[in-house]
Each structure stands twice: as structure tokens, then as C-alpha cells.
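Understanding the architecture of this molecule
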Amino acid sequence: MKYQVKETRNRVTVIVIAALALLLGLSIVANGIIGGLAWHFYTTQKTITTPMMFDKSFTSDASQGDAALNSMLVRSFINLRLSVTPDTVDSQHAALLRWVPAEDRSALKKALAIEADYIKKNGISTVFRIDDQFIDTATGDITVSGLLSASTSNGSLKLDIPDVHKAYRLSVKYVDGIIRLTAFPEVQLPPSVSKQHQG
């Protein structure tokens, strides 16, 4: 009788340990599957956003945004740099530099400082109106061309400055949900655009 009870007890212990090991294995597999699915949905989930001051929405995920996002970023960056007054130029250029990575900041900071100094010294207000955007499919850079209008008013004297057609190349990257402006130089207008504006 003792032998039979001990054998039954051993059998129950083995069954309990085996059941617990099976539950542990199932738990590990389930956690692995759930973790993999969570990571998949985190990296591929699309978010539709309509920001204030813009007329359409854009779609983005953790690694990239669509063409509408790039267009809105370009319009915002252009306005921060080029649609300024002597009172707003410093704050707008500081806001623009927040989007520039540290390794690319010094060159743009120098160019912006020269522009801000000229605008404040001469009391110039500028507005840039975008005419066209060109996307370089090889690099993803966006070239924006448009009309830069400027005027100056120092006291009661107001001088209109002739409008100028200009173009800028913006290198905007969207990496891991973070927007980076890595380049923003002035460039020459493409020949076809120059002819259209002259004629």
C-alpha cells in the first residue's frame, strides 16, 4: 500500500511539473509572438494627421512620411527662413535651427546670421511665395522655386524692393519619427523655370 501511494504521489508530481513546464513553454512562445506582433504594428502603423494652418492631411509611420508631409515641411521651413520681419527673424531662424542636426547646424547657422543681420540693419520684411517644387528622385531632396518679395519701412519712408525669383534646395529626412533638415542652400533656378519667369 505504501509503495502504491508513493508511486501515485510521484506520478502526480511528474504530471504537475510537466504541466507547469508546458505552461511555461506556451507562455514563452505566446510572449514571443505577442512581442513580435507589437513590434510589427508599432513600426508599420500609419498615422493620419491634419496639422493646424494646413489644408490637407498626411500619413506617416515610424520610419517615413508621404509626399504631403514633405510638402508641408518644406512650406514650413521656407516660411521660417524667408517670410520674416526685423522683429521675427531671430525667433523664426532659431525655430528653424531646432530641426537641423548638430553636425549640419554650423553652416546653416552662419548663413542665417548673415541674413538676420541684413534684415535687421535695413529694416526689411520679406515674403516668399512658392511657385513650384521639384523632387530629386535619386536623393529625395526638394527644390523649391518662388518669388521673394521684400519691402522696407524705416519710420515714415517705405521703399519697395523689386521681387526676385529664387530657388532653394531642402534636404529633409524623416528617420524614426524625427524630422531632420540637413541642408537648405540657395540654388540656381532650373533653365526651364528661369525662362518661364523671364518671359
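These numbers were taken from a predicted model, which means no experiment stands behind them.

As for the overall build of the chain
A count of helical and extended segments in the chain gives five helices and seven strands. Ordered by position from N to C terminus, the α and β elements of the chain give α-β-β-α-α-α-β-β-β-β-β-α. For the chain, the proportion of its 199 residues judged to be buried stands at 26%. By sequence separation, contacts in the chain at least 24 residues apart represent 44% of the contacts at least 6 residues apart. Here the chain displays about 13300 Å² of accessible surface, and carbon together with sulfur accounts for 61% of that area.

Things to note about the nonpolar core
Note that soluble globular proteins tend to have their nonpolar side chains buried in a common cluster. Membership of the largest hydrophobic core comes to 25 residues, with the highest contact counts inside it found for Phe 77, Ile 78, Leu 170, Leu 181 and Phe 184. Where this core is concerned, the elements lending two or more residues are α2 (67-82), α3 (89-97), α4 (102-122), β4 (142-154), β5 (157-175) and β6 (178-183). Discounting residues that sit within four places of it in the chain, Leu 170 has contacts with Val 74, Phe 77, Ile 78, Asp 141, Ile 142, Val 144, Leu 181, Ala 183 and Phe 184.

Concerning a nonpolar patch on the surface
Taken together, Val 12, Val 16, Leu 20, Leu 22, Leu 23 and Leu 26 make up a surface patch of nonpolar side chains, about 580 Å² in accessible area. Positionally, Leu 20 belongs in helix α1 (residues 2-44).

Basis of the calculations
Residues numbered from 1 in each chain as written. Predicted model: local features only at pLDDT ≥ 70, side-chain atom pairs only at ≥ 80, totals over all residues. Heavy atoms only, no water. Helix = DSSP H or I, 4+ residues; strand = E, 2+ residues; numbered from the N terminus. Buried < 20%, exposed > 50% of the residue type's maximum accessible area, 1.4 Å probe, protein only. Contact = heavy atoms within 4.5 Å. Areas by Shrake-Rupley, 256 points an atom, 1.4 Å probe, with all protein chains shown as cover. Core = buried A, V, L, I, M, F, W, Y, C linked by side-chain atoms within 4.5 Å. Patch = residues over 30% accessible without salt bridge, like charges linked within 9 Å, V, L, I, M, F, W, Y side chains within 5 Å. Salt bridge = Lys/Arg side-chain N within 4 Å of Asp/Glu carboxyl O.

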